[in-house]
Amino acid sequence: MAIQPIDLSVIYSQMDNVAKFNASQNHSVQFANQYGRDKTAAENLEKSKIVQNAAQNDVESNKIKNNLEQGGSSNQNLNSGSGKKKKEEDLLKTDNEEFSDPGLGKIIDITG
């Protein structure tokens, strides 16, 4: 059975349709990838702005804290240095203390 010219024209038109469909699929995948990259870049930029703003606010709040420690506030006691040292000693004492339970190891539940 021989191939007729009409059969070739049908095959070529179908191959053209398949090629156009594949090209459109590739284009849509490329577009989706580019959109994803753009969206990720925008999110990263927004996150970095938030981090920079937080860091800047932290620096400003440290300035305020330092100013208060130096006696910048009128509501602070005159002997704030000794009070600060006392607070630090109390914190160190509580950090080093261990909690012990007097009933630890005496009650064993074996009904579980």
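This structure is a prediction, so every number in the text was calculated from the model and none was measured. Within each chain, residue numbers correspond to sequence positions counted from 1 in written order. The model is predicted, so local features are restricted to residues of pLDDT at least 70 and side-chain atom pairs to those at 80 or more, both for listing and for counting; the totals for chains, interfaces and linings are taken over all residues. Note that the side-chain values use all heavy atoms of the structure and ignore hydrogens as well as water.

Draft legend 1. Expanded view of the overall build of the chain. A run of H or I in DSSP becomes a helix once it reaches four residues, and a run of E becomes a strand once it reaches two; helices and strands are each numbered from the N terminus. Per the secondary structure count, the chain includes two helices and zero strands. Counting all 112 residues of the chain, 0% fall into the buried class. Counting every atom, the chain has about 10,900 Å² of accessible surface; 57% of that belongs to carbon and sulfur. A simple rule labels every residue: compare its accessible area, found with a 1.4 Å probe on the protein chains alone, to the largest value its type can have, and call it buried under 20%, exposed over 50%, or partly exposed in between. Per-residue accessibility takes into account occlusion by the displayed protein chains alone, with areas from the Shrake-Rupley method and a 1.4 Å probe.

Draft legend 2. Structural context of a nonpolar patch on the surface. Together, Ile3, Leu8, Ile11, Tyr12 and Met15 line one region of the surface with nonpolar side chains, adding up to about 540 Å² of accessible area. Mapping Met15 onto the fold places it in helix α1 (residues 5-69). Without a salt bridge and with relative accessible area above 30%, a residue can belong to a patch; like charges are then joined within 9 Å and nonpolar side chains (Val, Leu, Ile, Met, Phe, Trp, Tyr) within 5 Å. When a carboxyl oxygen of Asp or Glu lies within 4 Å of a side-chain nitrogen of Lys or Arg, that pair is called a salt bridge.

Draft legend 3. Region of interest: the pattern of salt bridges. Scanning the entire structure with this criterion turns up one salt bridge. For Lys20, the salt bridge identified is with Asp16, shortest N-O distance 3.5 Å. Of this pair, Lys20 and Asp16 are both found in helix α1, four residues apart, which corresponds to roughly one turn of the helix. On the accessibility criterion, Lys20 (52% relative accessible area) is exposed. Overall, Asp16 belongs to the partly exposed group, its relative accessible area being 38%.

Draft legend 4. Summary view of the confidence of the model for the chain. When pLDDT is averaged across the chain, the result is 75; 65% of the residues are at 70 or more. Confidence over residues 74-80 falls short of pLDDT 50; this stretch has four contacts with residues more than four positions distant or in other chains. Each residue carries a pLDDT score, the predictor's own confidence in it, on a scale running from 0 to 100. Note on definitions: a residue-residue contact is assigned when non-hydrogen atoms from the two residues lie within 4.5 Å.

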